[in-house]
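Chains, contacts and geometry: an overview
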Amino acid sequence: MSKIGTGLKGVVLDETRIAFIDGDAGKLVYRGYNIHDLAQHATFEETSYLLLHGALPTRDQLDMFEEDLRNARAIPRSVIDTIDRVKAAHPMDILRTAVSAVTALDESSNDARVDVALPAGVRLIAQVATIVAAMHRMRAGKEPVAPRRDLGHAANFLYMMFGDEPAAEDAKIIDLDLVLHAEHSSNASTFAARVAAGTGADLGSAIVAAIATLKGPFHGGAAEAVQKTVEEIGDPERAVEYIKEKTEAGEKVMGFGHRVYKTEDPRASELRGVAQALGHQKGNDRWFQILTEIERAMEPYRAKGIYPNVDFYAGAVYSLLGIPEEQFIPMFAVGRMPGWVAHVLEQYQDNVLIRPLLEYTGPRHLRYVPIDRR
Ligand code: ACO
């Protein structure tokens, strides 16, 4: 009997120098730097540079990188028009369509070489943030807001979403959130990007494949599901009973469990304190209390290695900052962009076509039956 690795669980696909995850120790490392160290000290721009180039930037390198991002923020009018045409669709479908449009218009759109894909990737990191903000506004019947050159990536993103310059502390929270989401090794969407890149497809095609894969509730959709759960529970006192009903019905509790982490996701540890402090600052302690009660109700699952993942607190943080639930997965994409690009570049550098096998279990000797005899 052949060995089947359903879901490729535990299968090591290739070597990488981009990120290291120790799922038993709850450790995440980008290019050698622990996520807690980066969360405390690095901006999203610095983290992006680190992921793309493999080393932290010098002051000059960071200045140039930030300038490249600023120069790429604006998106063509034709892409805005494309968003307008599909704005009633699911936000991830809008994002996928807009990224497809913006990359098809890019001169690199048919070129799968590292020296072309790297600058194209930097442009796309900037443009995806603009696309998400523009779609958010256009879905509400508002005009998109043009990017500002004097703001950092996170602050400019909030500015383009809401039309007002954000408070420095709100921008810092989004910056942290983007750092935490920037990279996570061979997760499903990054794997999809590497599969596309492995065929020799260009960066834009690989990123569209990643966005399509991120859409699902088992990957990018969990933060939205958690926030819906929190709102449905409504009162901290109802949380334990609600979770009991869910788990007894055999349903998974969103924001818990992870293919790799069998202890607490270190990104969840970072966001827990943020969700608590932000809730307090915005006069809404209730959501954090509900989340705390859900965690308490899920304690028996720790024995099975089921702990909160990054999405557990992310939803509350976004909601407290005024970002609507439907934009949570697009937000994830804004953060994950540098990781996706870094993996596409790594795939190009030492490419082997990714093509696993499937074990066929259907019939093998059927004879064709003419249509009017079936
Ligand atoms: N709630 C309750 N039980 C759970 C949960 C959960 N959230 N997650 C896993 N389990 C249980 C499973 O039912 C299974 O139990 P069993 O052995 O009795 O059958 C066991 O734990 C192992 O679970 P699997 O689904 O096999 O684990 P897998 O590695 O395939 O799944 C996944 C990981 C998909 C993330 C899963 O934990 C899940 O669906 N969680 C909820 C969705 C979620 O939060 N997704 C975000 C992931 S993080 C991210 O993408 C950013």
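Since the structure is predicted, the reported quantities are computational estimates derived from the model, not experimental observations. Residue positions within a chain follow its written sequence, with the count starting from 1. Selection of residues for local features in this predicted model requires a pLDDT of at least 70, selection of side-chain atom pairs for listing and counting requires 80 or more, and totals for whole chains, interfaces and linings are taken over all residues. The basis for every side-chain value is the complete set of heavy atoms in the structure, and neither hydrogens nor water enter the calculation.

**Things to note about unusual backbone geometry**
Backbone geometry follows two general trends: most residues other than glycine have a negative phi, and most peptide bonds adopt the trans configuration. In plain terms, the rule: The way it works is that DSSP assigns letters per residue, a run of H or I at least four long becomes a helix, a run of E at least two long becomes a strand, and they are numbered from the N terminus. Only protein chains enter the accessibility calculation, which uses a 1.4 Å probe; a residue whose area is less than 20% of its type maximum is buried, one above 50% is exposed, and one in between is partly exposed.
Positive phi values are uncommon outside glycine, yet Leu-8 reaches one of about 50 degrees. Here Leu-8 shows up in the segment before strand S1 (19-22). A residue is classified by how much of its surface remains accessible, and Leu-8, at 39% relative accessible area, is partly exposed. Here Arg-31, not a glycine, exhibits a phi torsion of approximately 50 degrees, which is positive. Mapped onto the secondary structure, Arg-31 falls in the loop between strand S2 (27-30) and strand S3 (33-34).

**Structural notes on the nonpolar core**
Counted only if it meets this: The nonpolar core is taken to be a set of buried Ala, Val, Leu, Ile, Met, Phe, Trp, Tyr and Cys residues, with the residues joined through side-chain atoms within 4.5 Å. Note that the domain bounds reflect an automated or database-derived domain assignment. Here, two residues are considered to be in contact whenever any of their heavy atoms come within 4.5 Å of each other.
Membership of the largest hydrophobic core comes to 113 residues, with the highest contact counts inside it found for Ile-83, Leu-95, Ile-174 and Ile-294. Among the elements that take part in this core, helix H6 (residues 114-139) stands out by supplying 15 residues, more than any other. Structurally, this core is a two-domain feature, drawing no fewer than three residues from each of domain 1 (15-216 + 330-349) and domain 2 (222-320). Beyond its immediate stretch of four places on either side in the chain, Ile-83 contacts Ile-75, Ile-94, Ala-98, Ile-131, Ala-134, Met-135 and Met-138.

**What about the side chain of Thr-190?**
Residue position: Thr-190 is located in helix H9 (residues 188-198). Looking at Thr-190, the relative accessible area reads 0%, which means it is buried.

**Focus: the environment of Val-99**
Within the secondary structure layout, Val-99 lies in helix H5 (residues 91-104). Sequence separation between Val-99 and Ile-211 is 112 residues, and the spatial gap between their C-alpha atoms is 9.0 Å.

**Looking at the domain arrangement of the protein**
Here is the rule we go by: Salt bridges are identified by distance alone: a Lys or Arg side-chain nitrogen within 4 Å of an Asp or Glu carboxyl oxygen. The definition of a polar contact used here is a pair of N or O atoms within 3.5 Å, where within protein one atom must be able to donate a hydrogen and the other to accept one, and adjacent residues in sequence count solely through side-chain atom pairs.
We note that the domain assignment places domain 1 (15-216 + 330-349) and domain 2 (222-320) within the protein. Here the C-alpha centre of domain 2 lies 26 Å away from the C-alpha centre of domain 1. At the interface, 23 residues of domain 1 touch 19 residues of domain 2. The interface formed by domain 1 and domain 2 includes one salt bridge. Among the salt bridges present, the one from Asp-170 reaches Lys-282, with a minimum N-O distance of 3.2 Å. Summed over the shared surface of domain 1 and domain 2, the number is five residue pairs in polar contact (both at pLDDT 80 or more). Mapped onto the side of domain 1 that touches domain 2, the elements with two or more residues apiece are S1, S2, helix H1 (35-41), helix H8 (168-181) and helix H16 (328-349).

**As for the sheet that holds S2**
The condition that has to hold: Strand pairing follows a simple DSSP-based rule, namely that at least 2 bridges must link the two strands.
With antiparallel pairing, the three strands of this open sheet are ordered in space as S1-S2-S3. Strand pairing shows two members of the sheet lacking a second neighbour, S1 and S3, which therefore form its edges. As paired strands, S1 and S2 are joined by four bridges and run antiparallel to one another. Residue Phe-20 lies in a different strand from S2, and its bridge partner there is Val-29.

**Some thoughts on the pattern of salt bridges**
Evaluated as defined, the whole model comprises 23 salt bridges. As a salt-bridge pair, Arg-148 and Glu-165 come within 2.8 Å of each other at their nearest N and O atoms. Remark: Glu-165 occurs in the loop between helix H7 (153-162) and H8 and Arg-148 occurs in the loop between H6 and H7; sequence separation between them is 17 residues. Take Glu-165: its relative accessible area is 51%, and that puts it in the exposed class. When salt bridges with common partners are traced through the structure, they connect Glu-264, Arg-272, Glu-295 and Arg-302 into a single cluster.

**Observations concerning empty space enclosed by the protein**
Any empty space left between atoms is shown by rolling a water-sized probe over those atoms. Here is the rule we go by: As defined here, a cavity is a set of points on a 1 Å grid over the protein atoms alone where a 1.4 Å probe fits but cannot get out. A pocket is an open set with protein on both sides within 12 Å along at least five of seven lines, and residues line them when an atom is within 4 Å of a point. Grid points are joined across faces, edges and corners, and a volume is the space filled by probe spheres set on the points. Gly is put with the polar residues, along with every residue not named as nonpolar or charged; the nonpolar set is Ala, Val, Leu, Ile, Met, Phe, Trp, Tyr, Cys and Pro, and the charged set is Asp, Glu, Lys and Arg.
Evaluated as defined, the whole model comprises one cavity of 30 Å³ or more. By volume, the largest cavity amounts to about 80 Å³. Counting residues per element, the ones that place at least two in the lining of the largest cavity are H5, H6 and helix H10 (203-214). In terms of residue count, H6 provides more of the lining of the largest cavity than any other element does, three residues in total. Partitioned by chemical class, the residues of the lining of the largest cavity number four nonpolar, five polar and two charged.

**Topic: the site of the ligand**
Put simply, the rule is: One heavy atom within 4 Å of a molecule or strand makes the whole residue count as near it. Residue-level accessible areas treat just the shown protein chains as cover; the underlying method is Shrake-Rupley with a 1.4 Å probe. Here the criterion for a molecule occupying a pocket or cavity is that more than half of its atoms lie within 2 Å of the pocket grid points.
The environment of the ligand is made up of 20 residues, and the closest members are Lys-252, Val-253, Gly-255, Phe-256 and Arg-259. At 3.1 Å, a side-chain N or O of His-219 approaches an oxygen atom of the ligand. Expressed as a share of its isolated accessible area of 920 Å², the protein-covered part of the ligand is 72%. Counting atoms within 2 Å of the grid points, the majority share of the ligand lands in the largest pocket. Split by residue class, the shell around the ligand holds 10 nonpolar, five polar and five charged.

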